[in-house]
Amino acid sequence: MNPYILAILLFGLGLGTTITFASSHWLLAWMGLEMNTLAIIPLMAQHHHPRAVEATTKYFLTQAAAAATLLFASITNAWLTGQWEIQQITHPLPATMITLALALKIGLAPLHAWLPEVLQGLDLTTGLILSTWQKLAPFALILQIQPSNSTLLIILGITSTLVGGWGGLNQTQLRKILAYSSIAHLGWMVLVLQFSPSITLLTLLTYFIMTLSTFLVFKLNKATNINTLATSWAKAPALTALTPLILLSLGGLPPLTGFMPKWLILQELAKQGLAPTATLAALTALLSLYFYLRLSYAMTLTISPNNLTGTTPWRLPSAQLTYPLATSTAMTICLLPLTPAISALLTP
């Protein structure tokens, strides 16, 4: 892609998110979301592969449906209450519609079906943008309207953790596994949203760091399915030894960074008298853990079951920068001891 066009598209992505962040009016927020969608579409379709075009079309249709629902709900809210302010959502009907529209935007279950399909059709770099940056703007809006829909948010959260765990069990494609991982993590964030928005933001940040590490590892190995992962030991042995720690951090195992948000969320849910919800969420984390363990096993304890066609991947040096990967891997593995300091910052 022409670097000037790429720069304009990335600028559009940043601007769309910033407009949504800065807006207190529903029309401006909607406009920011639309700019976001329109800026990423050329990035998704840039390889002109039928799968990429199909993924782009699916993404465009779901995002357009969500944006239309959001606009309809905010107009309904203005009609019922005379308010365009984002934080003045008092009527239950537009509040519920807006929550569901934003859930469709970020891919919360049961409105998640587009996410694995879309992510599977993209290359790993665009997939990374879709899994991280594209979640920011809708999340900012959910954070602002959160007090009005407690039961709905808990239902969305539990369903997402369940679907995110269950859906990834039988997958062999890494991008689909990461999509289900994304759904499960978003479920955890939404569960605790109304009780402690600061813990939600912490979870979002740690999820971004862990997902960045995972995508960069797969990109370095040019891996898109489990079989290809098994050849990584010959290409980057030290990284192959560290990758299970990255994956187990995504699964939320102590003593890794990924345990911190889960620990704080379960603690907060128990404080709020939602012990059954906390137990169910913790059990669904075991489902996710299974497929992270499966990836770790395939990567470190098996040799590739077949000779991969084409050029043997480890003969080609990767052109990828390793500084971002080194930094994010260190953060993914080592940040758990900072939990007391972070808890002190989070408590008002």
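Residues numbered from 1 in each chain as written. Predicted model: local features only at pLDDT ≥ 70, side-chain atom pairs only at ≥ 80, totals over all residues. Heavy atoms only, no water.

## Topic: the overall build of the protein chain
Tallying secondary structure elements over the protein chain gives 16 helices and 0 strands in all. Here the C-alpha radius of gyration of the protein chain, 20 Å, is about what a compact globule of 348 residues would show, namely 20 Å. For the protein chain, the exposed area adds up to about 15,200 Å²; of that, 71% sits on carbon and sulfur atoms. The averaged location of the 6 negative side-chain charges in the protein chain is 15 Å from the averaged location of its 13 positive side-chain charges. (Helix = DSSP H or I, 4+ residues; strand = E, 2+ residues; numbered from the N terminus. Rg over C-alpha atoms; globule rule 2.2 N^0.38 Å. Areas by Shrake-Rupley, 256 points an atom, 1.4 Å probe, with all protein chains shown as cover. Lys, Arg positive; Asp, Glu negative; His and termini not counted. Charge placed at Lys NZ, Arg CZ, Asp CG, Glu CD.)

## Brief notes about the domain arrangement of the protein chain
Interfaces are often sized by the amount of accessible area the parts lose when they come together. Domain annotation of the protein chain identifies domain 1 (1–127) and domain 2 (149–306 + 321–347). Here the C-alpha centroids of domain 1 and domain 2 sit 24 Å apart. Listed by partner, the interface residues are 21 residues for domain 1 and 22 residues for domain 2. Taken over both partners, the interface formed by domain 1 and domain 2 buries close to 1,900 Å², and the fraction arising from carbon and sulfur atoms is 74%. Close ionic contact of Glu117 with Lys176 constitutes a salt bridge, the shortest N to O distance being 3.5 Å. Linking domain 1 with domain 2 are 5 residue pairs in polar contact (both at pLDDT 80 or more), by the criterion used here. (Domains from an automatic or database assignment. Contact = heavy atoms within 4.5 Å. Buried area = accessible area lost by both parts, 1.4 Å probe. Salt bridge = Lys/Arg side-chain N within 4 Å of Asp/Glu carboxyl O. Polar contact = N/O pair within 3.5 Å; in protein donor to acceptor, adjacent residues only side chain to side chain.)

## Section: the UniProt feature "transmembrane region" (unreviewed entry) in the protein chain
Sequence positions flagged by UniProt for "transmembrane region" (unreviewed entry) are, in local numbering, residues 60–80, 92–115, 151–170, 177–195, 201–221, 233–253 and 273–293. Across residues 201–221, the secondary structure splits into 95% helix and 0% strand, with the terminal C-alpha atoms separated by 30 Å. Here residues 233–253 runs as 71% helix and 0% strand, with 23 Å between its end C-alpha atoms. (UniProt positions renumbered as here; feature names shortened; annotations may be inferred.)

## Considering a nonpolar patch on the surface
A cluster of nonpolar side chains, namely Met1, Ile5, Leu6 and Leu10, defines an oily patch on the protein surface of about 340 Å² accessible area. Along the polypeptide, Leu6 turns up in helix H1 (residues 3–22). (Patch = residues over 30% accessible without salt bridge, like charges linked within 9 Å, V, L, I, M, F, W, Y side chains within 5 Å.)

## Remarks on helix H9 (residues 174–192)
Between its terminal C-alpha atoms H9 stretches 28 Å, which fits the 27 Å expected from 19 residues at 1.5 Å a residue. The buried count for H9 comes to 19 of 19 residues, which makes it a mostly enclosed element. (Expected span 1.5 Å × (residues − 1). Buried < 20%, exposed > 50% of the residue type's maximum accessible area, 1.4 Å probe, protein only.)

## Notes on the pattern of salt bridges
Close approach of charged atoms allows side chains of opposite charge to pair. Counted by the stated rule, this structure contains 3 salt bridges. A salt bridge links Lys58 to Glu54, with the nearest nitrogen and oxygen atoms 2.7 Å apart. Residue Lys58 and its partner Glu54 are both found in helix H3 (residues 50–81); the two are separated by 4 residues, about one turn of the helix. Residue Glu117 is joined to Lys58 by a salt bridge in which the shortest nitrogen-to-oxygen separation is 3.5 Å.

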